[in-house]
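What follows is the residue order along each chain.
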Amino acid sequence: MKRSSYLLVLMLVWVVAAFSASAATLSARVVLPDGSGAPFATVTIGDKVFTASETGKVEITYDGEKTALVKWLELEEEIAIGATMKFSNRLYYGAPYDANDFVTWGPDIWEITESALYCPGGLGNEAQIFLDDFYDNFVMRAKFSAEAESQWFYLRFMIRGVEPGFNGYGVTVAMHPADQSSFARFNGSWDNYDVITEDIFIGPAMDPGVEDEIVVFAKDEHIVVYLRNAGQKDYMKVVDHIDDDPGAFFDGGVGILNSFTVVEITEFSVFRY
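Residues numbered from 1 in each chain as written. Predicted model: local features only at pLDDT ≥ 70, side-chain atom pairs only at ≥ 80, totals over all residues. Heavy atoms only, no water.

Bringing the overall build of the protein chain into the picture now. When helices and strands are tallied, the protein chain shows 1 helix and 23 strands. For the protein chain, the spread of C-alpha atoms along the principal axes amounts to about 90 × 40 × 35 Å. For the protein chain, long-range pairs separated by at least 24 residues make up 60% of all intrachain contacts whose partners lie at least 6 apart in sequence. Here the protein chain displays about 13,100 Å² of accessible surface, and carbon together with sulfur accounts for 52% of that area. Between the centroid of the 19 positive side chains of the protein chain and the centroid of its 41 negative side chains there is a distance of 15 Å. (Helix = DSSP H or I, 4+ residues; strand = E, 2+ residues; numbered from the N terminus. Contact = heavy atoms within 4.5 Å. Areas by Shrake-Rupley, 256 points an atom, 1.4 Å probe, with all protein chains shown as cover. Lys, Arg positive; Asp, Glu negative; His and termini not counted. Charge placed at Lys NZ, Arg CZ, Asp CG, Glu CD.)

Moving on, we get to the pattern of salt bridges. Applying the stated rule across the entire model yields 12 salt bridges. Its salt-bridge partner being E213, residue R228 comes within 2.8 Å of it at the nearest N-O pair. Linking R228 in strand β20 (residues 222–229) with E213 in strand β19 (residues 212–219), this pair joins segments that are 15 residues apart in sequence. Salt bridges linked by common partners bring E54, R141, K143, E213, R228 and E267 together as one network. (Salt bridge = Lys/Arg side-chain N within 4 Å of Asp/Glu carboxyl O.)

Now for the side chain of R228. Taking the relative accessible area as the measure of exposure, R228 reaches 1% and is therefore buried. Here Q232 takes part through its backbone oxygen, which lies 2.7 Å from a polar atom of the side chain of R228. Among all residues touching R228, those that are not within four sequence positions of it are P39, F40, E54, K143, M206, D212, E213, K233, D234 and Y235. (Buried < 20%, exposed > 50% of the residue type's maximum accessible area, 1.4 Å probe, protein only. Polar contact = N/O pair within 3.5 Å; in protein donor to acceptor, adjacent residues only side chain to side chain.)

Right under this line is the structure:
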């Protein structure tokens, strides 16, 4: 072998060895402020993008970088690279749950344990639980599974409510296949609402018995809502609206209104946007 060829081979071996020595592989987890994994979050390090699993687990490689750009839906933050990469948004509410944190409106049928919120539903049982606290810019997230008990049934997540009942913005997740999910601003009664988007209906009914996820981002006059069936990688953005109407709400509580469904809710959290 000529000396020049031999030197070239040595240089290539040195480059490969140096790269192998500097590159690191890490099994990490992207975590939301409540400790739950961030489904399908992305981690960007230099020109490399890694996508987390449904539970937030991600395999990454990096070459000495200290931080990564982590993004989950509307959240984006530079976070130190490590086994746990957690968003720094302040947690307002999350597990373990306590029934004393909620105000009940309607029949007292909600069953609240440290790990889940459960409502048995049934005809005539339309009941709401309401966090008796006010938030302005926040994110609300929950996983839920619901079954039908009658022709008319849905699960409604109320945000920026001024008191229990039909006040504030309502994301109505329909469960009956003949119904549609909707979004409106309620003014004290189920039949007194404003259609603040182009159309009150935002999507089809969810599949009963299948775990679903809802995420609501509320920042100033901007409200964004995502829905997702568990197991699906893509979130469905169903609301992306700026409400600058004189009747807009800019702070308030968070409530969950169950209308005749059998529902279990987990990973329910409210944190700073």
